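If you want the building blocks of each chain, they are given just below.
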Amino acid sequence: MKTVSDLRSTFPRSGSLEWIGLRGVRRGPMQSVLEVEIHPLVGVIGDKGKLAPPRLTALTGEPGEVLPAEGGTPVRTEPGGRGKRQVTLIQAEHLPVVAALLGRDVAEVTPDLLRRNLLVSGISVQALKDRRFQVGDVILEGTGDCHPCSRMEENFGPGGYNAVRGHGGITARVVQGGVIRAGDRVRAL
């Protein structure tokens, strides 16, 4: 008989990155892009004006820092540490559910209106919470639920907030950065 831990670590298949979205500025409109750089210290480059930091020096040797497996810049990975919301992900299969709860056509509930960075399909994003997973060559760690905000009422009208509750996806921190592209594989580690 399998334990709950065994069950939680078994996935029927990998998923796929369907869509990537960026906001040029806070509260600005989402823009769809085909690829984006993900950086361990800032998250999604270009989202809310985030830029890659200049050349980094002397980041090794502090408690809580580890060197990524393939070398590179040390990053903090302790639970509850900084950068818990560097990347947001939402499940493509939940868009029709949100549309049904709103009483709208599926075509009216688009990923840009939900304001998440990554739309994935074929793998449960809730199952990726509290574990490491890979999108293309980037390694992320699920840090928690991505709860809806008041923007859901603005985007979908009265009840938008409640329609997204339980379907808002997850937040993640960057463990190993790189470039991701629409169509990249998403898999649990």
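Our subject is the structure listed above.
The following paragraphs examine the structure supplied in this document. None of the values given here were measured: they were computed from a predicted structure.

Reading guide: rules and limits
- Residues numbered from 1 in each chain as written.
- Predicted model: local features only at pLDDT ≥ 70, side-chain atom pairs only at ≥ 80, totals over all residues.
- Heavy atoms only, no water.
- Helix = DSSP H or I, 4+ residues; strand = E, 2+ residues; numbered from the N terminus.
- Buried < 20%, exposed > 50% of the residue type's maximum accessible area, 1.4 Å probe, protein only.
- Pairing = 2+ DSSP bridges.
- Core = buried A, V, L, I, M, F, W, Y, C linked by side-chain atoms within 4.5 Å.
- Arc of directions from axis to C-beta.
- Contact = heavy atoms within 4.5 Å.
- Disulfide = S-S within 2.5 Å.

1. Thoughts on the overall build of the chain
And step 1. Scanning the chain from terminus to terminus reveals six helices and 13 strands.
And step 2. Here the chain holds 189 residues, and 43% of them are scored as buried.

2. Observations concerning the pairing of strand β10 (residues 138-145)
And step 1. Among the eight residues that make up β10, seven are buried, leaving the element largely enclosed by the rest of the structure.
And step 2. As paired elements, strand β9 (residues 132-135) and β10 share four bridges and run antiparallel to each other. Bridge pairing in β10 links Q134 to I139.
And step 3. In this structure, the hairpin formed by β9 and β10 is closed by a connection of two residues, where G136 is found at a positive phi of approximately 60°.

3. Quick word on the nonpolar core
Soluble globular proteins tend to pack their nonpolar side chains together in the buried interior.
And step 1. Membership of the largest hydrophobic core comes to 23 residues, with the highest contact counts inside it found for I38, L89, F133, L140 and I180.
And step 2. A92, V98, M152 and F156 belong to the second-largest nonpolar core, a separate cluster that totals 15 residues.

4. Describing helix α2 (residues 95-102)
And step 1. Those residues of α2 lying buried are L95, V98, A99 and L102. Along the long axis of α2, the arc covered by the buried residues comes to 100°, so they all point the same way. For α2, exposure combined with an orientation more than 90 degrees from the buried face picks out A100 and L101.
And step 2. Buried-residue contacts for α2 involve β7 (87-91), α3 (111-114), β8 (118-121), α5 (151-156) and α6 (160-164).
And step 3. Two residues or fewer after α2 comes G103, characterised by a positive phi angle close to 70°.

5. Structural notes on the state of the cysteines
And step 1. Overall, the coordinates contain zero disulfides when judged by the stated rule.
And step 2. Free cysteine C146: the closest other cysteine sulfur is in C149, separated by 8.2 Å.
And step 3. On the basis of relative accessibility, which here comes to 3%, the residue C146 falls in the buried class.
And step 4. Classification of C149 as partly exposed rests on a relative accessible area of 33%.

All quantities given are derived from atomic positions and should not be read as evidence of function.
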